[in-house]
There are 2 protein chains.
Amino acid sequence: MDNFADRLIQDIRRKNSCVCVGLDPRLDLIPKEIIDQSKSPPDAIFNFNKAIIDIVKDDVVAVKPQSAFYELYLSDGVRSFFDTIDYAHRQGLLVIADVKRSDIGSTAEAYAEAYLKNSQADAITINPFLGMDSIEPFVKLAHEEAKGLFILLKTSNPGSEDFQSIVLKDGTRLYQVMAEKIALLGKRLLGKNGYSSIGAVVGATFPDQAKVIRKLLPNTVFLVPGYGRQGAKAEDLLSYFNPDCSGAIINASRSIIYPETKCRNWQDAIREATKEMKDQINKIRTQNTGFIPNAFGTVFCILVY
Amino acid sequence: MDNFADRLIQDIRRKNSCVCVGLDPRLDLIPKEIIDQSKSPPDAIFNFNKAIIDIVKDDVVAVKPQSAFYELYLSDGVRSFFDTIDYAHRQGLLVIADVKRSDIGSTAEAYAEAYLKNSQADAITINPFLGMDSIEPFVKLAHEEAKGLFILLKTSNPGSEDFQSIVLKDGTRLYQVMAEKIALLGKRLLGKNGYSSIGAVVGATFPDQAKVIRKLLPNTVFLVPGYGRQGAKAEDLLSYFNPDCSGAIINASRSIIYPETKCRNWQDAIREATKEMKDQINKIRTQNTGFIPNAFGTVFCILVY
């Protein structure tokens, strides 16, 4: 099997989409007809997710179920989490399990095995705070299982400034030091399209920092949360791509799965919100060129930034 | 209900124990008779945990199930995780769910609700890397539900030096800045015994750093992992307590739940390993005084360190 980064890049090209949809189910926002047809909250969550996946699967490259909203319903919710992963996988979507796990030694090994081997997820998010040895078991299993990692580097919340952007002795910031370590680590899982299966999470709300990070990590796929309801705009997204307009997938959750319906049914509203986001991002990626961007080496966009 | 810190301090006094047992079930190490009596791996895990809890409950102040070893078996494993929490709770033990969760906004709220409200856990571990706003939902719910938090500050692995100990612009280290923020935050959940329900995780393998952190955090309970198989020794533990020998609980997992049996049955081996650890730590706490230490204010140990 191709490594995760290659599968991702191929799917981005094939679908001409950099969109990832966050599956953050909230019972109070799930359409009433789904609730009425379901036996329990975890069942409603799974039914809602299936409906979303069926609607968006041709226009998005990946889905990202966020574990917290499933763990809320304890083990029955976690069952819906893994059922959702399985369903999305069977529909041909890449699945990023947003679990943000972190631990050390044999515990990190157990988390890696749970998500990268025992589940159908293609990639997971991890938190690097515990140090590089805490990341190693995830890298090892990602390599063995042809799976991917997205390491939290600069998250989209204001508080990410507290520690991730803290200024170090030499005047650099913590995320820069981490980025350098991720660059080195990433070489071990480099795919044939020039990207590594070790990606990074870089929030859409910090485009200036993203420019710095992008230069440090030319071979790293960025998973970019914070687009849509969190306030980031399409024009800010250029900073997250490489000069050839590849190397980032943009996640939106609430703005896609709970769109304003404006007299449409919720299915049509989700479909249109997805297509609109895909088109907006592609417009940004292709602006000033007129070409459909390709990953690496072929057509370089002339970007003014 | 008393706040978490008060319940913990009272139980430490009542049981004269600062021991926390980590419930890190590993199928290859669970006694064969438990495996034979169980229907599935998650069932064996729960049966093993019940046996451990029954054996240790009078000699330990808390148990700490480590979520990774349960998530390994996906939703069925997670069911054993919550069943274990419920069982320990019914046996009168405090339960620290070692989940090391971290996220932002409504996602952090969902994690907080899952573990601090919907489960019977008394406290959870959380990862602060995403910033102070990511911690806030946990603090809010810990306050409302009289639950506790242990924020990762300096973990026991060598790699904790990578980022947690990184040197900042002013020459201090990241864990010092974080400790100052935890001190401030802790004031909001201060109990009548002088300790806050917002604790910190400080690994047993870094006693010198622990001295620095202890001075910054006199009102913070330390959850100290790394004792036993990870190599920390009893005499190193003094650095983690306040001068009155209170304010820390010491966790051991493998050395307690998988002890060398030495011709004893595994139940006796677990019982003796627990009592031995409890006695070793109490000896350290009472050395040079002869008094049983009390939390705050009554008898102060004269410690030479």
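Numbering of residues starts from 1 in every chain and runs along the sequence as written. By the order in which they are written, chains take letters starting at A while ligands take numbers starting at 1. Note on the predicted model: pLDDT of at least 70 is required for a residue's local features to be given, and 80 or more for side-chain atom pairs to be given and counted; whole-chain, interface and lining totals, by contrast, use all residues. Each side-chain value is derived from all of the structure's non-hydrogen atoms; neither hydrogens nor water enter the calculation.

Draft legend 1. Fine view of the overall build of chain A. Strands are runs of DSSP state E lasting at least two residues, helices are runs of H or I lasting at least four, and both sets are numbered from the N terminus onward. From N to C terminus, chain A includes twelve helices and eight strands. For 305 residues, the compact-globule estimate of 2.2 N^0.38 gives 19 Å, and the C-alpha radius of gyration of chain A, at 18 Å, lies within 12% of that figure. Referenced to the eigenvectors of the C-alpha coordinate spread, the extents of chain A come out at roughly 60 × 50 × 40 Å. Only protein chains enter the area calculation, which uses a 1.4 Å probe; residues under 20% of their type maximum are buried, those over 50% are exposed, and those in between are partly exposed. By residue count, 64% of the 305 residues in chain A fall in the buried class. Contact criterion: two residues are considered in contact whenever any of their non-hydrogen atoms come within 4.5 Å of each other. Once local pairs closer than 6 in sequence are excluded, the contacts in chain A between residues at least 24 apart make up 74%. When the accessible surface of chain A is split by element, carbon and sulfur atoms take 50% of a total near 11100 Å². C-alpha atoms define the radius of gyration, and 2.2 Å times the number of residues to the power 0.38 defines the globule rule. Here the accessible surface of atoms and residues is derived via Shrake-Rupley with a 1.4 Å probe, and residues count as covered only by protein chains that are part of the display.

Draft legend 2. Main features of the sheet that holds strand β4 (residues 123–126) of chain B. Residue and element names in this part refer to chain B. Paired strands are those between which DSSP finds at least two bridges. Strands sit in the order β1-β2-β3-β4-β5-β6-β7-β8 around a closed barrel of eight strands; the barrel is parallel. Ignoring which end each strand starts from, the neighbouring axes of this sheet average 30° apart. Across four bridges, β4 lies against strand β5 (residues 148–154) in parallel orientation. Pairing of T125 across the sheet is with F150, part of β5. To obtain each axis, a line is fitted to C-alpha atoms, and for helices this fit is confined to the stretch in contact; angles are then taken between N-to-C directions over 0 to 180 degrees.

Draft legend 3. Representation of the environment of L190(A) within the structure. Residue and element names in this part refer to chain A. In this fold, L190 is placed in the loop between α9 (174–186) and β6 (196–202). Relative accessible area serves as the criterion here: at 45%, L190 is assigned to the partly exposed category. Spatially, the C-alpha atom of L190 lies 34 Å from that of F46, the residues being 144 residues apart in sequence.

Draft legend 4. Fine view of the pairing of strand β3 (residues 94–101) of chain B. All names here are of chain B. In terms of residue burial, β3 counts as a mostly covered element, since eight of its eight residues are buried. Here β3 shows a buried face lined by L94, I96, D98 and K100 and a second buried face lined by V95, A97, V99 and R101. Bridge analysis of β3 against β4 gives three bridges, and the strand direction is parallel. Counted as the bridge partner of A97 is I124 from β4.

Draft legend 5. Structural context of unusual backbone geometry. Residue and element names in this part refer to chain B. Despite not being glycine, L74 has its phi angle at roughly 55°, a positive value. Of note, L74 is situated in helix α5 (residues 74–90). Here the phi dihedral of A146 falls at roughly 55°; this positive angle occurs in a residue that is not glycine. Inspection of the secondary structure assignment puts A146 in the loop between α7 (132–145) and β5.

Draft legend 6. Broad picture of the pattern of salt bridges. The term salt bridge refers to a side-chain nitrogen of Lys or Arg lying within 4 Å of a carboxyl oxygen of Asp or Glu. All told, the structure shown has 36 salt bridges over all chains when counted by the stated rule. With its nearest N and O atoms 3.7 Å apart, the salt bridge here joins R26(A) to D28(A). On the accessibility criterion, R26(A) (27% relative accessible area) is partly exposed. In this structure D28(A) comes out as exposed when scored by relative accessible area, which is 60%. With a shortest N-O distance of 2.8 Å, R101(A) and E71(B) are connected by a salt bridge. Taken together, the residues span two chains, with R101(A) in strand β3 (residues 94–101) and E71(B) in helix α4 (residues 68–71). The class of R101(A) is buried, set by a relative accessible area of 1%. For E71(B), a relative accessible area of 3% gives the class buried. Because the salt bridges share partners, they merge into one network encompassing K64(A), D98(A), K100(A) and D103(B).

Draft legend 7. Spotlight on the sheet that holds strand β4 (residues 123–126) of chain A. All names here are of chain A. Strands sit in the order β1-β2-β3-β4-β5-β6-β7-β8 around a closed barrel of eight strands; the barrel is parallel. Strand-to-strand twist of the sheet, defined as the mean angle between neighbouring strand axes without regard to direction, takes the value 30°. Against the sheet, helix α1 (residues 4–15) contacts β3, β4, β5 (148–154), β6, β7 (220–224) and β8 (248–252), and its axis sits at roughly 130° relative to β3.

Draft legend 8. Examining the interface of chain A and chain B more closely. Taken together, the contact between chain A and chain B spans 55 residues of the former and 55 residues of the latter. At the boundary of chain A and chain B, one finds six salt bridges. A salt bridge links D103(A) to K100(B); the nearest nitrogen and oxygen atoms lie 2.8 Å apart. Definition of a polar contact: a pair of N or O atoms within 3.5 Å, with one able to donate and the other able to accept a hydrogen when the atoms are protein atoms, and with sequence-neighbouring residues admitted only if both atoms are side-chain atoms. Taken together, the links from chain A to chain B amount to 28 residue pairs in polar contact (both at pLDDT 80 or more). Of all the secondary-structure elements, those providing two or more residues to the side of chain A that touches chain B are α4 (68–71), α5 (74–90), β3, α6 (105–117), α7 (132–145), β5, α8 (160–163) and α9 of chain A.

Draft legend 9. Focus on helix α12 (residues 266–286) of chain A. All names here are of chain A. Helices are assigned an expected span. That span is 1.5 Å times one less than the residue count. End to end, α12 covers 30 Å across 21 residues, agreeing with the expected 30 Å (1.5 Å per residue, within 8%). Regarding α12, the residues found buried are W266, A269, I270, A273, T274, M277, K278, I281, N282, I284, R285 and T286. Looking at the packing, one finds that the buried side of α12 touches α1, β1 (19–23), α2 (32–37), α3 (41–56), β8 and α11 (254–257). The N-cap of α12, judged by a side-chain oxygen 3.2 Å from the amide nitrogen of Q267 a few residues on, is N265.

Draft legend 10. Up close: the packing of aromatic side chains. Residue and element names in this part refer to chain B. A pair of Phe, Tyr and Trp rings is counted when the ring centres sit within 6.5 Å of each other, with Trp represented by its six-membered ring. The angle between the planes then sorts it: under 30 degrees is stacked, over 60 is edge-to-face, the rest tilted. Inspection of the entire model under this criterion finds 15 aromatic pairs over all chains. Between F4 and F150 the ring centres are 5.9 Å apart and the planes differ by 85°, which places this aromatic pair in the edge-to-face class. Residue F4 is located in helix α1 (residues 4–15), and its partner F150 is located in strand β5; the two are separated by 146 residues in the primary sequence. Residue F4 is classed as buried on the basis of its relative accessible area of 2%. When the ring of F48 is compared with that of Y258, the centres are 6.0 Å apart and the planes differ by 15°; the resulting orientation is stacked. Placement of the pair is F48 in helix α3 (residues 41–56) and Y258 in the loop between α11 (254–257) and α12 (266–286), with a sequence separation of 210 residues.

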